[in-house]
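# Chain and residue survey
If you want the building blocks of each chain, they are given just below.
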Amino acid sequence: MSTVRKSALVLVALAVVALVAIRALSTSPSPSSPGQTTTSVASSTWLAVWPTSTSSPYATPAAAARSFAVHVLSMKHPILERYRAGDTRSGEIPIRATATGPVTTVLVRQLARDTSWWVLGAVSDAIVINQPSARSAVRSPFVLTGVSTAFEGVVNVTLRSDALASPLVQTTVMGGANGVMGPFRATLDFASTSSRYGVLVLYTRSAKDGSVTEASAIRVRFA
């Protein structure tokens, strides 16, 4: 299966999960997350990887995607392409760390009852996360699997909780290299956290200067 096809399947899966969760939350009480905004309360904001308690919601999809790229993906000067609408309340924004770098697609949606924009996650053709799935519950230890291609096969892994500035996990996995996708697998251990939610980010670094080049990111729940 081509990497483009795999990326498309990931996008579809993330969209389906988000829509199902939002519909379920509209008819039943939903969990709260420390620091989540309560203005124009829509409990489905817990679905978002960004913003969290340290940032306010954003007025435009571009503002949300840019802030996410800088503060979560650690891209210093992300270059944003045009917003692509999926429906009236969601879409995606392709971003690059450099003008000629690979694309990371940031998934955005209006989750609250106002017009604010939130980031659901990000996908890259070169980094596909198979397990855990977006918004699934994880407990320590848990298994991380997927397929990737990167310089010398190295993909960086960071697990963060909404409540802590420091990562719960920082490690690497080895997948494919030289444009050839290969499987990776790791078991991740992490300390307990008071937060109910977090974000799992897998990313690659430039062989030239060590800067982040592309990333995939999903929302997780702590069991």
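For the structure, check the block above.
Residues numbered from 1 in each chain as written. Predicted model: local features only at pLDDT ≥ 70, side-chain atom pairs only at ≥ 80, totals over all residues. Heavy atoms only, no water.

### Points about the overall build of the protein chain
This is how the line gets drawn: Where helices and strands are cited, they refer to DSSP runs of H or I of at least four residues and of E of at least two residues respectively, numbered from the N terminus. Residue burial is assigned from relative accessible area. The probe radius is 1.4 Å, only protein chains are included, and a residue is buried under 20% of its type maximum, exposed over 50%, and partly exposed in between. Any pair of residues with heavy atoms lying within 4.5 Å of one another is described as a contacting pair. Method for areas: the Shrake-Rupley scheme with a 1.4 Å probe, in which residue coverage is limited to the protein chains shown.
Within the protein chain, the regular secondary structure consists of two helices and 14 strands. Scored against the burial criterion, the 223 residues of the protein chain give a buried share of 49%. Sequence-distant contacts, at least 24 apart, represent 55% of the contacts inside the protein chain between residues at least 6 apart. Accessible surface, the protein chain: about 10,600 Å² in total, of which carbon and sulfur atoms supply 54%.

### Some words on the pairing of strand E3 (residues 90-96)
The condition that has to hold: Strand pairing follows a simple DSSP-based rule, namely that at least 2 bridges must link the two strands.
Of all seven residues that make up E3, six are buried, and the element is covered over most of its length. Examined bridge by bridge, strand E1 (residues 79-80) and E3 share two bridges and lie antiparallel to one another. Bridge pairing in E3 places Leu 80 opposite Ile 95. The sheet contact formed by strand E2 (residues 84-87) and E3 spans three bridges and is antiparallel. The partner of Ala 85 across the bridge, within E3, is Gly 91. Linking two consecutive strands that pair antiparallel, namely E2 and E3, is a turn of two residues. Linking two consecutive strands that pair antiparallel, namely E3 and strand E4 (residues 103-109), is a turn of six residues.

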